[in-house]
Amino acid sequence: MVKPQYKGRSTINTSSSSSNPDRPKGAGGSNMRDRATIKRLNMYRQKQRCNNRGKVIKPLQYQSTVAPGTVARVEPNIKWFVNTRVIKQSSLQKFQDEMDKVRKDPYRVVMRKSKLPMSLLQDRVKSHVSAVGDPNPRPRPFPFL
């Protein structure tokens, strides 16, 4: 006995819709949405299914639930700390002293730019008055009795 062939839908969708990642290359050419963009746009289009009491029957694809009482924690990633730079206090002080000497001498010029931010060069300490306010008491209106 011969096994009948499968007559259902094939796995590749033949429609030319812009939301179909397997669509044939048409007039768009290389300027067509890729598979990742189509998945992202379909994710935005989703709606969660709720019953008449408002309880979620089918959650969204990108949402996950955590059991109550568990502490949610994000795993640290080395990519977060790649662009940070650390400098020792002694080397910063030395650099500040050298830059002060160069700044005071009109015949010396700094040619090589440092990777340090220039805001580290000035020791700007915010005064208490500018941060908090004038310590003098404010005049109060005279109460009329």
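Right above here is the structure, for reference.
Attention here is on the structure that accompanies the text. Keep in mind the model is a prediction, meaning the values are calculated, not measured. (Residues numbered from 1 in each chain as written. Predicted model: local features only at pLDDT ≥ 70, side-chain atom pairs only at ≥ 80, totals over all residues. Heavy atoms only, no water.)

Looking only at helices and strands, the protein features three helices and two strands. If you list the helices and strands of the protein from N to C, you get α-β-β-α-α. Burial statistics for the protein: of 145 residues in total, 8% are counted as buried. Put simply, of all contacts in the protein between residues at least 6 apart along the chain, 12% involve residues at least 24 apart. Counting only carbon and sulfur atoms, one obtains 55% of the accessible surface of the protein, whose full area is about 14,900 Å². (Helix = DSSP H or I, 4+ residues; strand = E, 2+ residues; numbered from the N terminus. Buried < 20%, exposed > 50% of the residue type's maximum accessible area, 1.4 Å probe, protein only. Contact = heavy atoms within 4.5 Å. Areas by Shrake-Rupley, 256 points an atom, 1.4 Å probe, with all protein chains shown as cover.)

Okay, the side chain of Arg-23 next. Structurally, the position occupied by Arg-23 is in the segment before α1 (35-45). Buried Arg-23, no salt bridge; nearest opposite-charge side chain is Asp-34, N-O distance 7.8 Å. For Arg-23, the side chain forms a polar contact with the main-chain oxygen of Asn-20, separated by 2.7 Å. At 3.1 Å, the side chain of Arg-23 forms a polar contact with the backbone oxygen of Arg-33. (Lys, Arg positive; Asp, Glu negative; His and termini not counted. Salt bridge = Lys/Arg side-chain N within 4 Å of Asp/Glu carboxyl O. Polar contact = N/O pair within 3.5 Å; in protein donor to acceptor, adjacent residues only side chain to side chain.)

Right, let's get into helix α2 (residues 89-104). Counted at 1.5 Å a residue, the expected span for α2 with its 16 residues is 22 Å, and the 23 Å between its end C-alpha atoms agrees. Taken together, the buried positions of α2 are occupied by Leu-92, Phe-95, Gln-96, Met-99 and Val-102. Taken around the axis of α2, the buried residues stretch over an arc of 125°, which confines them to a single face. Facing away from the buried side of α2 by more than 90 degrees, the exposed set consists of Ser-90, Lys-94, Lys-101 and Lys-104. (Expected span 1.5 Å × (residues − 1). Arc of directions from axis to C-beta.)

This part covers the environment of Leu-41. With respect to the secondary-structure elements, Leu-41 resides in helix α1. By relative accessible area, which is 26% here, Leu-41 ends up partly exposed. Residues Leu-41 and Ser-19 lie 22 residues apart in sequence; the distance between their C-alpha atoms is 8.4 Å.

A cluster of nonpolar side chains, namely Val-74, Trp-80 and Phe-81, defines an oily patch on the protein surface of about 370 Å² accessible area. Along the chain, the position of Val-74 falls in the loop between β2 (56-58) and α2. With a relative accessible area of 62%, Val-74 lands in the exposed category. (Patch = residues over 30% accessible without salt bridge, like charges linked within 9 Å, V, L, I, M, F, W, Y side chains within 5 Å.)

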